[in-house]
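These are the residues of each chain, in order.
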Amino acid sequence: MNSRAHILARVRRNQPPWRALPEIPSFERPLADPWAAFAKALARMGGSVAVPTEGVALDALISARFPQARVICSATPEVTGTRAMSTVGAPAELDDVDVGVVRAAFGVAETGSVWLSEREFGINVLGFLSQHLVVLLDPRSIVPDLHHAYRHPGFREARYAVFMTGPSATADIEGVLVRGAQGIRTLTVIPIAGADPRSTKQQGRTA
Amino acid sequence: MSRVDHAEASSKFIEAKDHADFHDKRLWDLRKKRDSESEAMPEWEALRTLASAIKEHTLTHLGDYLEQFEKNATANGMIVHWARDAAEHNQIVHAILEQHGATTLVKSKSMLTDECEMRPFLENRGIEIVETDLGERIQQLDDEPPSHIVVPAVHKLRGDVAEVFGRTIGTDATNTDVPYLAESQRRHTRPYYLKAGAAMTGANFAIAETGSFVVCTNEGNADLGANLPPLHIASIGIEKLLPKVEHLGVFVRMLSRSALGSPITQITSHFRAPRPGTEMHVVLVDNGRSERLGMEDFWYSLKCIRCGACMNTCPVYRRSGGLSYGSTYSGPIGVIIDPTFNLRKYSSLPFASTLNGSCTSVCPVKINIHEQIYKWREVIAKRHQLPMVKKEAMRVAGKVLASPKLYRAAVEAAAAGLEHLPRFLVYNPFNAWGRQREVPSAPASTFRQWYVANRGGER
Amino acid sequence: MKVALFIPCYVDAFFPEVGIATLELLERLGCEVDYPLDQTCCGQPMANSGCHEDAHDTEALFARNFAGYDYIVTPSGSCAHHVRDQMTAIEQTPAVQAVRRNTRELVEFLHDVLGVREFPWAEFPHKVGLHIGCATLRGLREAKASEIDEPAFSKPGRLLSAVKGLEFVQPERPDECCGFGGTFSVFEEPVSAKMGHDKVEDHHQAGAEYIVSPDMSCVMHQQGCARRAGLPLKFIHIAQVLNGARA
């Protein structure tokens, strides 16, 4: 008997009497100001907000925020950066990226999270090799909580989908919080409505 | 295999006062952070009830959900393997690595791989393994197992980490600045992600409906690993199954709040299919879980989502440290699952508890931990794994307390003994009570003597 | 109603004043109380060690001694919890089940059965740290545990708040276990003692003069720690306070 059959047989033999699956109730709580709730949660998790200024292009806003950055790689056509995603071959080439730029599909007010998949990243590891990540987010896309968030069709369609909530972090040494552990050192959300990220204008790849 | 002596190990732990005090305070702080989250959420207790019910449903239909997961994961392009036990898990992983010619493996935190003792197995076969989680890396470099399932090096102070890193990765051993130490590990580990032939992760949850799995981390290490090398292997215990994506709403909301008092981990990743041109393997592992499923008193332990909240709240764990349990799984959850791995070796663990029940109260999936601890004591007594001293003491107690005459004689003797014995006889190394405590004073008469004298005896 | 008094062995041996106060308090509140003279123990020490066979005869004796009463009242939460929830070494006849069902810890009995809220004779002008033992707290649910998100309540607290002059002080860890744990106190002595010392230090830092508790087993352990540490803490059972003890 192969292991699969062996395990399944033992599991089925030992399963206790059936318990019913409960319904998840709706924990509806109307959010007066989703953006404010999101921003507050984001700040708590170590993320920042950069509010776009009238007349200032996104590229300029990002350069001003990261004056030392040499390599700015954007997965969204709304920002040009210094390196086009279309020119990137292997994921490891993103090792020298100072600032990665993406547009999130939506945000979650409860936690301050943004949702990204291979479509939004172009190359997934942009979200982790970059020293800093800038995330464009349409405030109208913010859902109240994770129950809502998990209804998003992306969980059935994307190969890889991630909630990013602030920068990477660790408190493994003496409980001292270090923001910027091994992934991104900072995460900045720019609240700005944009083109549908599923539009054909998106020039990213799907790796 | 010799028995773990928790009391002996705890004694050493407590003697290192600075370390012990920090350990206790740090974990209590995590418990308080959890409380802040639970108090801020009106539906907290409702979610616990839901989470428990979802897990119980899943476990009682586990065969079907495992098949559904496999079917969907395979359709997504994942390759699914089944491992009966730790040895088979290790062999499967090795075979996959060999097939791909991968000799360097980056891995994120997975208690399951520790449970299977995978690292020495692979290292003996020429695979270089780099633990990428900071806490796990510290422990790997120090050749010590992790002491806590969420914060593996919680028992170490910054000076210890500086010493380990100085000795192994060439940092300045006198520099104990925590950001410096974390940055050092970042810089030292980063090249490995870029050159490794393979990455391994565990999984917090596996979703049957979509054939996907979820990895919750804070550091970014799991996702660097999973998204760089062309090969990703995920080790998943069969009890990690959940039926549907919507259930993640409940579990992801509870996991980090319970573990660290933060609403979500910084990175919560959902893997449904490999990146084009790469391979993704899942190893579903039994290693005693299917057997535990059939234990009427103990199958609820399979609901565990590995949050560590029970460890953070346990007053015994906080004062003895995870290493004193001698197992991958320590603290309250360790106490109830370790005896299934080796009853004799872990027979002292269910007694490393006051049965206070705090663990049960914080468990997000409502495992009745302290009740299972109580039940394990009965199993251990029945299977003759109690230390002789205790067994005899209980036998004698059972006889004395069942006889009114013997009981009265003993009570009166105890009271008299305390009254008359010299201090050195009462306080000596054989009297464990008296090592750090005074014994009670002897009263003039027992209650019963008073009652008979003042209330006229027989009723 | 017919009430019987069960006095745990350590109260019988070391703290008879607690038994006396319990008896007097119940009588003051109008109860006629029997004290079966052949009582010994509820079986908890053996059962908690997993030695259910060794607990059998003791539990059987308990069931025999306390048969036929409307309530069996005991000044010990851990004993009441054992009897109600874990006394299963003996055959569960209807008589045994009745004894188990009817056993109450003192505070439960006063609060739930007699519904007492006033103690006009009581006065305790001291700063008090209230210690509720874990079996009493999480087993008998006599108060909200800090882990559970629910409205605050405390049966012992409620009763004590009726005592003139009594002022509660809050330790930093209000319901962390004190480390007695029965045989744990001996077989895991290092951790047990550390927990006990931490507990009394916490109360001391909070400004407590007295630790008041429904659980003398915990008190015995904490008192032992406090005395060894030379802390000026005093200890008293809730029955004594409610019965009018001034100190």
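Undergrad: Could you clarify how one ought to interpret the overall build of chain A in this entry?
TA: When helices and strands are counted, chain A shows seven helices and 12 strands. The principal-axis extents of the C-alpha atoms in chain A amount to approximately 65 × 45 × 45 Å. When the 207 residues of chain A are sorted by exposure, 48% land in the buried category. Considering only contacts within chain A whose residues lie at least 6 apart along the sequence, 74% involve residues at least 24 apart.

Undergrad: What is the right way to read the overall build of chain C from this model?
TA: For chain C, the count of helices and strands is 13 helices and eight strands. Taking 18 Å as the expected radius of gyration for a compact globule of 247 residues, we find that chain C reaches 17 Å, a close match to that expectation. Over its C-alpha atoms, taken along the principal directions, chain C stretches across nearly 50 × 45 × 35 Å.

Undergrad: Help me understand the environment of Asp98 of chain A in this model?
TA: Residue and element names in this part refer to chain A. Counting through the fold element by element, Asp98 comes out in the loop between β3 (83–84) and β4 (99–103). Separated by 30 residues in sequence, Asp98 and Gln68 have C-alpha atoms that sit 8.6 Å apart. Aside from chain neighbours lying at most four places away, what touches Asp98 is Phe66, Ala69, Arg70, Val71, Ile72, Gln131 and His132.

Undergrad: Is there a simple way to think about the domain arrangement of chain C in this case?
TA: Accessible area lost on assembly of the parts is the figure often given for the size of an interface. All names here are of chain C. Domain parsing of chain C yields domain 1 (2–113) and domain 2 (127–242). Distance from the C-alpha centre of domain 1 to the C-alpha centre of domain 2: 22 Å. Domain 1 puts 26 residues into the contact, and the matching count from domain 2 is 22 residues. Put simply, the parts of the chain that give the side of domain 1 that touches domain 2 at least two residues each are α1 (9–14), α2 (16–28), α3 (44–48), α5 (77–86) and α7 (106–113).

Undergrad: Before we go on, may I ask you to explain the arrangement of the chains in this structure?
TA: Across the two pairs of chains that are in contact, the largest number of contacts falls between chains A and B. No part of chain A reaches chain C; the closest C-alpha pair between them is 17 Å apart.

Undergrad: Please explain the sheet that holds strand β1 (residues 48–49) of chain A as it appears in this structure.
TA: Across a sheet, strands are paired by hydrogen bonds formed along the backbone, either parallel or antiparallel in direction. All names here are of chain A. In spatial order, the strands read β1-β12-β7-β4-β2-β3; together these six strands make up an open sheet with parallel pairing. A single partner strand is all that each edge strand has here, and the edge strands are β1 and β3. Note: strand β7 (residues 132–137) against strand β12 (residues 186–191), six bridges, orientation parallel. Paired with Leu133 across the strands is Leu187, a residue of β12.

Undergrad: Explanation requested: the packing of helix α3 (residues 44–60) of chain B against helix α12 (residues 246–260) of chain B in the structure shown.
TA: For any two helices packed against each other, the geometry comes down to the angle between their axes and how far apart the axes lie. Residue and element names in this part refer to chain B. Interaxial distance between α3 and α12 falls to 10 Å at its minimum, and their mutual angle equals 120°. In this view, α3 runs oblique relative to α12, as classed from their interaxial angle. Here α3 and α12 pass one another in a crossing that is left-handed. Residues Leu47, Leu50, Ala51 and Ile54 of α3 lie in contact with α12, whose contacting residues are His247, Val250, Phe251, Arg253 and Met254. A per-class count over the contact of α3 with α12 returns seven nonpolar, one polar and one charged.

Undergrad: Explanation requested: the confidence of the model for chain A in the structure shown.
TA: Should the pLDDT be low somewhere, the predicted coordinates at that spot are not to be read in detail. Residues with a pLDDT of 70 or more make up 94% of chain A, whose mean pLDDT is 93. The model gives residues 199–207 of chain A a pLDDT under 50, and that stretch makes 24 contacts with residues more than four places away or in other chains.

Undergrad: Looking at this structure, how should I read the interface of chain B and chain A?
TA: Across the contact, 69 residues belong to chain B and 61 residues belong to chain A. When residues in the side of chain B that touches chain A are grouped by element, the largest group, seven residues, is from helix α10 (residues 178–195) of chain B. Tallied by class, the residues present in the side of chain B that touches chain A amount to 34 nonpolar, 19 polar and 16 charged. Sheet topology places strand β9 (residues 160–164) of chain A next to strand β9 (residues 267–271) of chain B; five bridges connect them, and they run antiparallel. Counted as the bridge partner of Tyr160 of chain A is Phe271 of chain B from β9 of chain B.

Undergrad: Is there a simple way to explain the interface of chain C and chain B in this structure?
TA: Listed by partner, the interface residues are 60 residues for chain C and 57 residues for chain B. Of all the elements in the fold, those that place two or more residues in the side of chain C that touches chain B are α1, α2, α3, α4 (52–65), α8 (134–139), α10 (184–187), α11 (189–205) and α12 (216–229) of chain C. The element that contributes the greatest number of residues to the side of chain C that touches chain B is α11 of chain C, accounting for seven residues. Residue classes in the side of chain C that touches chain B are distributed as 30 nonpolar, 15 polar and 15 charged.

Undergrad: How should I be thinking about the nonpolar core in this particular structure?
TA: Across soluble globular proteins, you tend to see nonpolar side chains buried next to one another. Leu126 and Val135 of chain A together with Phe213 and Phe251 of chain B are the most contacted members of the largest nonpolar core, which totals 270 residues. For this core, the element with the most residues is α12 of chain B, which contributes eight residues. Apart from the residues within four sequence positions on either side, Val135 of chain A is in contact with Val102, Ala104, Val114, Leu187, Thr188 and Val189 of chain A.

Undergrad: Whenever I open this one, unusual backbone geometry confuses me. Can you help?
TA: Both trends apply: most residues other than glycine have a negative phi, and most peptide bonds are in trans. Residues and elements named next belong to chain B. Even without a glycine there, the phi angle at Asn287 is positive, about 45°. The topology assignment puts Asn287 in the loop between β10 (279–285) and α13 (289–293). A positive phi angle is found at Arg306, which is not glycine, with a value near 60°.

Undergrad: I tried to follow α4 of chain C on my own but got confused; where do I start?
TA: Residues separated by three or four positions in an α-helix point in the same direction, a consequence of the helix having 3.6 residues per turn. Here α4 of chain C is 14 residues long and its end C-alpha atoms lie 20 Å apart, about the 20 Å a rise of 1.5 Å per residue gives. Among the residues of α4 of chain C, His52, Asp54, Ala55, Thr58, Glu59, Leu61, Phe62, Ala63 and Asn65 of chain C are the ones counted as buried. Where the residues of α4 of chain C are buried, they touch α18 (369–382) and α19 (388–401) of chain B together with α3 and α6 (94–102) of chain C.

Undergrad: I would appreciate a short explanation of the pairing of β4 of chain A in the present structure.
TA: Consecutive side chains along a regular strand alternate between the two faces of the sheet. Residues and elements named next belong to chain A. For β4, the buried fraction is high: five of the five residues fall into the buried class. Burial along β4 is two-sided: Val99, Val101 and Arg103 and Gly100 and Val102, pointing in opposite directions, are all buried. Relative to β4, strand β2 (residues 72–74) is paired through three bridges, and the arrangement is parallel. Note on β4: the bridge partner recorded for Ser74 is Val101.

Undergrad: I would appreciate a short explanation of helix α4 (residues 62–75) of chain B in the present structure.
TA: All names here are of chain B. Helix length check: α4, at 14 residues, gives a terminal C-alpha distance of 20 Å against a target of 20 Å (1.5 Å per residue), a fit within 8%. Within α4, burial applies to Leu62, Gly63, Tyr65, Leu66, Phe69, Glu70 and Ala73. Each buried residue of α4 lies within a common arc of 165° when the element is viewed along its axis, so the set occupies one face.

Undergrad: Mind showing me how you'd approach the sheet that holds strand β4 (residues 198–201) of chain B here?
TA: Residues and elements named next belong to chain B. What the six strands build is an open sheet, ordered β1-β10-β7-β4-β2-β3; its pairing is parallel. The open sheet has two edge strands with one neighbour each: β1 (79–83) and β3 (128–131). Sheet twist, expressed as the mean angle between neighbouring strand axes with direction ignored, is 20°. As defined by bridge partners, β1 adjoins β10 across five bridges and the pair is classed as parallel. Each bridged residue has a counterpart across the sheet, and for His81 the counterpart in β10 is Val283.

Undergrad: Which parts of the structure should I look at to understand the packing of helix α1 (residues 3–14) of chain A against α4 of chain B?
TA: In contact at an axis separation of 8 Å, α1 of chain A and α4 of chain B are set at 150° when each is read in the N-to-C sense. Residues Leu8, Val11 and Arg12 of chain A of α1 of chain A pack against Leu62, Gly63 and Leu66 of chain B of α4 of chain B. Partitioning the contact of α1 of chain A with α4 of chain B into residue classes produces four nonpolar, one polar and one charged.

Undergrad: Can you help me understand the environment of Leu406 of chain B in this one?
TA: Residues and elements named next belong to chain B. Relative to the elements of secondary structure, Leu406 occurs in helix α20 (residues 404–420). On the basis of neighbour counts, which here come to 14 C-beta atoms within 10 Å, the residue Leu406 falls in the partly exposed class. With 37 residues separating them in the primary sequence, Leu406 and Pro443 have C-alpha atoms 20 Å apart. If we ignore the near neighbours within four places in the chain, the residues touching Leu406 are Lys399 and Val400.

Undergrad: What's the story with the pairing of β9 of chain B in this structure? I'm lost.
TA: Residues and elements named next belong to chain B. Burial analysis of β9 places five of its five residues in the buried class, which makes it a mostly covered element. Judged by which residues are buried, β9 turns out to be covered on both faces: Ile267, Ser269 and Phe271 on one side and Thr268 and His270 on the other are all buried. For strand β6 (residues 212–217) and β9, the ladder comprises five bridges, and the chain directions are antiparallel. Across the sheet, the residue bridging to Cys216 is Thr268, located in β9.

Quick notes on the rules
Here the residue numbers are simple positions, counted from 1 along each chain's written sequence. Chain letters and ligand numbers both follow the written order, the letters beginning at A and the numbers at 1. Note on the predicted model: pLDDT of at least 70 is required for a residue's local features to be given, and 80 or more for side-chain atom pairs to be given and counted; whole-chain, interface and lining totals, by contrast, use all residues. Strands are runs of DSSP state E lasting at least 2 residues, helices are runs of H or I lasting at least 4, and numbering of each runs from the N terminus. Think of it as a crowd count around each C-beta: if 20 or more other C-beta atoms lie within 10 Å the residue is buried, if 12 or fewer it is exposed, and in between it is partly exposed, with C-beta placed from the backbone throughout. Two residues qualify as being in contact provided that their C-beta atoms, derived from the backbone, are within 7 Å of each other. A radius of gyration in this sense is built from C-alpha atoms; the matching globule rule multiplies 2.2 Å by the number of residues raised to 0.38. In this document the domain limits rely on a domain assignment from an automatic tool or a database. Here, a strand pair is defined by DSSP locating no fewer than two bridges between the strands. Every angle, taken between N-to-C directions, lies between 0 and 180 degrees, and every axis is a line fitted to C-alpha atoms, over only the stretch in contact when it is a helix. Angular relationships are summarised with four words: roughly parallel below 35 degrees, roughly antiparallel beyond 145, roughly perpendicular across 65 to 115, and oblique for the angles in between. Here a crossing is taken to be left-handed if its near helix is turned anticlockwise relative to the far helix by less than a right angle, and right-handed if that turn runs clockwise. When residue character is reported, Ala, Val, Leu, Ile, Met, Phe, Trp, Tyr, Cys and Pro are called nonpolar, Asp, Glu, Lys and Arg charged, and the others, Gly included, polar. Per residue, pLDDT measures the predictor's confidence, with a range of 0 to 100. Among buried residues, those of type Ala, Val, Leu, Ile, Met, Phe, Trp, Tyr and Cys that are joined through C-beta atoms within 7 Å form a set called a nonpolar core. Expected helix span is taken as 1.5 Å per residue step, with the number of steps being one fewer than the number of residues. What the arc describes is the spread of directions from the helix axis to the C-beta atoms.

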